[in-house]
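Residues per chain, in single letters:
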Amino acid sequence: MWPYHPDLLAKPVPRYTSFPTAAEFGPLDPQAYRRALETAGGDISLYLHIPFCEKICFYCGCNTGAAGKRQRLESYLAALHAEIKTVASILPAGARVRRISFGGGSPNAIAPVEFVRLVDALTVAFQVSDPVWSIELDPRTLSEAWGQVLGKVGVTRASLGVQTFAPHCQRAIGREQDEDLIMRSVDILREAGVESLNFDLMYGLPGQSEDDLIDSLHRTRVLGADRVALFGYAHVPHIVPRQRMIPAENLPGQEARFRIASLGYTYFVTHGYTPVGFDHFARPGGDPLAMAALQGGLRRNFQGFTDDPAPVLIGLGASAISSFPELLAQNEKNSGRYRMLASQEKLAVTRGAKRSPEDRWRGEIIEQLLCQGRAYIGTRLATELAEDIERFVARGLADMDNGWLTIVPDGLPYARTIAALFDPYRAVARTKFSSAI
């Protein structure tokens, strides 16, 4: 069990899937995005956002809506096809697409044939070079037809939204799916050729006991998940109104969250998984994420921890975020306004942040701390932050040596809090984030 220091975890902090974080985004001229696209040579990655789900869960903070209104869904897909053509026409000829990810929402809220049409559109519009295909899936709506399509496309990485196997926790968060359904989904994906299968799990759920969590972890391991993302439920009903369906009094306190998160980490590392940061795990022996964690190639982007080395990620779809070395650009969040912009063959970017040299430097430090557990911070930052860093060093959670800051094993649960020391925006930002654990 890790040492528990509640005062060091009291301040909510970002998950740092980018720096600056989306909390710092402001209005952005689409021409800045155009200029970034025009110079984006070499390997790039694509992310397509499908902001629809067949069923909306109470806990979910994603930008998603119900897929029941067929006309709205078809209108969105038409706009997405238009954006694909617009963005691809701007990229230079030397830009090669090596990875393509579909997320949401739930990409399988659309029909399999609609997914195939998107795949065809991408391969026609972009210079696609033997890409790695990945997709997020809702097991409740995963059909045999979807499995056949994924196999034909060549999707080798998939993530299932499992969250928990405990029926009472499922009811509390509005996501009921029994174990047989999960097993059937695993069989469909394995038969389709998925080699790296991730389970999304959650701790800190209403009414969730330690035994509930351990049982879910055990079932996850037995079902053969290659990767696991064990997220702490972030209760932010002031930001996500649907979370008001989850009474706050049924949620565990910070100490209980810390204890249950520690149990999760201990379970996986003692059952053969390689830890990837604090809350992700991968089976060694070939999984690219495990190899990246062990060999120092782990990175962080809007999908979380990744082995993707591409310096450019282009987001397509409403609210999707693109990342360039000197720019972060987010598409219009509102689905209706996004459809209007994209269908008129306009770039749909409305918000973002230009990354100054200082931002890029601090962002690299934050990424290295979260991915490698160690970063060179230099004399200036070591001096400026000496008092804050000492709070962690004095308690045996970190070490400082010749400008190098290292998070020691006992400090792993505090990694995001330590990383936040290098984020100057946190001193003045009013945005509320989730708990550090």
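Use the structure listed above.
Read on for a plain summary of the structure. Note that the structure is predicted; figures quoted are calculated from it, not measured.

Definitions and cut-offs
- Residues numbered from 1 in each chain as written.
- Predicted model: local features only at pLDDT ≥ 70, side-chain atom pairs only at ≥ 80, totals over all residues.
- Heavy atoms only, no water.
- Helix = DSSP H or I, 4+ residues; strand = E, 2+ residues; numbered from the N terminus.
- Expected span 1.5 Å × (residues − 1).
- Buried < 20%, exposed > 50% of the residue type's maximum accessible area, 1.4 Å probe, protein only.
- Core = buried A, V, L, I, M, F, W, Y, C linked by side-chain atoms within 4.5 Å.
- Contact = heavy atoms within 4.5 Å.
- Pairing = 2+ DSSP bridges.
- Axes fitted to C-alpha atoms, helices over the stretch in contact; angles between N-to-C directions.
- Parallel < 35°, antiparallel > 145°, perpendicular 65-115°, else oblique.
- Left-handed = near helix turned anticlockwise from the far one by under 90°.
- Nonpolar A, V, L, I, M, F, W, Y, C, P; charged D, E, K, R; others polar.
- Polar contact = N/O pair within 3.5 Å; in protein donor to acceptor, adjacent residues only side chain to side chain.
- Salt bridge = Lys/Arg side-chain N within 4 Å of Asp/Glu carboxyl O.

Here we take up helix H2 (residues 70-90). Helix length check: H2 (21 residues) gives 31 Å between terminal C-alpha atoms against 30 Å at 1.5 Å per residue, within 8%. Taken together, the buried positions of H2 are occupied by Leu 73, Tyr 76, Leu 77, Ala 79, Leu 80, Ala 82, Glu 83, Ile 84, Thr 86, Val 87, Ala 88 and Ile 90.

Another point: the nonpolar core. Looking at soluble globular proteins, one finds that nonpolar side chains tend to be buried together. Residues Phe 102, Phe 115, Leu 122, Phe 126, Phe 199, Ile 314 and Phe 422 are the most contacted members of the largest nonpolar core, which totals 115 residues. Examining the composition of this core, we find that 9 residues originate from one element, H2, more than from any other. Residues within four places of Phe 115 in sequence aside, it is in contact with Phe 102, Ile 110, Ile 135, Trp 146, Val 149, Leu 150, Val 153 and Val 155.

What follows is about the sheet that holds strand S20 (residues 404-407). Strand order in this open sheet of 3 strands is S18-S20-S19, and the pairing throughout is antiparallel. Of all strands in the sheet, those with a lone pairing partner are strand S18 (374-376) and strand S19 (398-401), marking the two edges. Strand-to-strand, the axes of this sheet are offset by a mean angle of 15°, without reference to chain direction. Pairing geometry for S19 and S20, over 4 bridges, is antiparallel. In the strand pairing of S20, Met 400 is matched with Leu 405. In the packing of helix H11 (residues 357-371) onto the sheet, the strands contacted are S18 and S20, and the crossing angle to S18 comes to about 155°.

Okay, the packing of H2 against helix H10 (residues 335-343) next. A pair of packed helices can be characterised by two numbers: the angle between their axes and the separation between those axes. Following both chains from N to C, one finds H2 and H10 inclined at 40°, their axes separated by 8 Å at the closest point. By the criterion of interaxial angle, the relationship of H2 to H10 is oblique. With respect to the hand of their crossing, H2 and H10 are arranged in left-handed fashion. Touching Arg 72, Ser 75, Tyr 76, Ala 79, Leu 80, Ala 82 and Glu 83 of H2 are Ser 335, Tyr 338, Arg 339, Ala 342 and Ser 343, all from H10. The residue inventory of the contact of H2 with H10, partitioned by class, reads 6 nonpolar, 3 polar and 3 charged.

Attention shifts here to H10. Those residues of H10 lying buried are Tyr 338, Arg 339, Leu 341 and Ala 342. Those residues of H10 hidden inside the fold are in contact with H2, strand S16 (327-331) and strand S17 (349-354). Sitting at the head of H10, Asn 334 places a side-chain oxygen 3.0 Å from the backbone nitrogen of Gly 336. Directly beyond the C-terminal end of H10, a positive phi value near 60° is found at Glu 345.

Residue Pro 20 is bonded to the preceding Phe 19 through a cis peptide linkage, with omega at -5°. Here Pro 20 is to be found in the segment before strand S1 (26-27). Following Gly 104, the chain continues to Gly 105 via a peptide bond in cis, the omega torsion being 20°. Inspection of the secondary structure puts Gly 105 in the loop between strand S5 (95-104) and helix H3 (112-125). Even without glycine at this site, Asn 402 takes up a positive phi of about 50°. Mapped onto the fold, Asn 402 is located in the loop between S19 and S20.

This paragraph deals with the packing of H2 against H3. Contact geometry for H2 and H3: axes closest at 9 Å, N-to-C directions at 10°. Between H2 and H3, the crossing angle belongs to the class labelled roughly parallel. Residues Arg 70, Leu 73, Glu 74, Leu 77, Leu 80, His 81, Ile 84 and Ala 88 of H2 pack against Glu 114, Arg 117, Leu 118, Ala 121, Leu 122 and Ala 125 of H3. Its residues assigned to classes, the contact of H2 with H3 shows 9 nonpolar, 1 polar and 4 charged.

Within strand S9 (residues 227-232), 5 of the 6 residues are buried, which leaves it mostly tucked inside the rest of the structure. Of the pairings in the sheet, the one linking strand S8 (residues 196-203) to S9 comprises 6 bridges and is parallel in character. Residue Tyr 203 lies in a different strand from S9, and its bridge partner there is Gly 232. Relative to strand S11 (residues 280-282), S9 runs antiparallel, the two being bridged by 3 bridges. The residue bridging Val 228 from the neighbouring strand is Phe 281, located in S11.

On inspection of all chains with the given rule, the structure shows 22 salt bridges. When the shortest N-O distance is used, the salt bridge between Glu 24 and Arg 426 registers 2.9 Å. In this pair, Glu 24 sits in the segment before S1 while Arg 426 sits in the segment after helix H14 (415-419), placing the two residues 402 residues apart along the sequence. Take Glu 24 and Arg 426: they sit in the same class, and that class is buried. Here Glu 179 and Arg 219 are joined by a salt bridge, their closest N and O atoms 2.5 Å apart. You can see Glu 179 sitting in helix H6 (residues 179-191) and its partner Arg 219 sitting in helix H7 (residues 210-222), a full 40 residues away along the chain. A residue is classified by how much of its surface remains accessible, and Glu 179, at 26% relative accessible area, is partly exposed. The network of salt bridges with common partners includes Arg 99, Arg 157, Asp 307 and Asp 308.

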